[in-house]
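The residues making up each chain are set out below.
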Amino acid sequence: MPKKDKTEDATEKPRVVVDFELLRSFAAQNFRDLGGHPVANQRRVRAGKIFRSSHLAEVPPESPISQLTLRTLVTLQSRAEVKHLGSPEPATRVGVRWEHIPMGDEWFNDQGYTRVAPEPGREHLALVMHFRRDWRRFFKLLAERDVYPLLFHCSAGRDRTGVGAAMLLSMLGVERDRIVADFLESNLVFKKIPLAAEQLDPVFELIDENGGIEGFMRQVIGLDAHELAIIQEDLLED
């Protein structure tokens, strides 16, 4: 996992050395279906439609991902991460469309990554704001017809994937306590570097500042009302 490079000058941008060998051991973990959450009017997020995971360079036979019938796979890892960890195994399956949205290419290199240092406690908001173009591409993909079942992932499946899931579940009308619970479920896998509920607070604050999730998705991410409606129609039960 990430660790600070102690040899660099303190005046330089913070360089984080990524332990790719450790990350490799988390292949196909932190996996779950985002379906089943209740929303308003006694509706629910459709089960079996959209899933999240850590990286998929290897998928053990016993993993539920091995039996998953997918139509679309979305990789949010940078090109450097895919180079070091390996391409996702489901991308080689017949009938699976692989979309690589290399989120964080400007941060990652062969040694690790150099990141823009956000204010403490606002790291996950930085993942939203620095990668708005990537998120726009991601959500426009979700608004295409016939892309489901869809699985999206990054390397650990907890930070980029976590804020992506939080935005999506907000868009679908899931209550925030349930969104936070899904976010914190990653701690079952990454016990030594746990996430905290407060890390999503700045994201929720920005959503509220834009008049709610629909205003946020339009003004910050760049989706239009028609695309929002398609995602909700495809991912919510009647």
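Everything in this summary refers to the structure shown in the same document.

**Describing the pairing of strand β8 (residues 150-153)**
- Covered by surrounding structure in β8 are Leu150 and Phe152 together with Leu151 and His153, the residues of both alternating faces.
- As judged from the 4 bridges shared by strand β4 (residues 50-53) and β8, these two strands associate in the parallel manner. Looking at β8, one finds that phenylalanine 51 is bridged to leucine 151.
- Looking at chain direction, strand β5 (residues 72-75) and β8 are connected through 4 bridges and run parallel. Paired with leucine 73 across the two strands is leucine 151, which belongs to β8.

**Some points on the packing of aromatic side chains**
- Evaluation of the coordinates by the stated rule reveals 6 aromatic pairs.
- Look at phenylalanine 138 and phenylalanine 139: their rings are 5.0 Å apart centre to centre, the planes differ by 75°, and that puts the pair in the edge-to-face class.
- Site record: aromatic cluster; members linked through ring pairs are Trp135, Phe138, Phe139 and Phe152.
- Note that arginine 158 overlies the ring of phenylalanine 190, its terminal NZ or CZ placed 5.8 Å from the centroid.

Thresholds, definitions, all that
- Residues numbered from 1 in each chain as written.
- Predicted model: local features only at pLDDT ≥ 70, side-chain atom pairs only at ≥ 80, totals over all residues.
- Heavy atoms only, no water.
- Buried < 20%, exposed > 50% of the residue type's maximum accessible area, 1.4 Å probe, protein only.
- Helix = DSSP H or I, 4+ residues; strand = E, 2+ residues; numbered from the N terminus.
- Pairing = 2+ DSSP bridges.
- Phe/Tyr/Trp six-rings, centres within 6.5 Å; stacked < 30°, edge-to-face > 60°.
- Lys NZ or Arg CZ within 6 Å of the ring centre and 35° of its normal.

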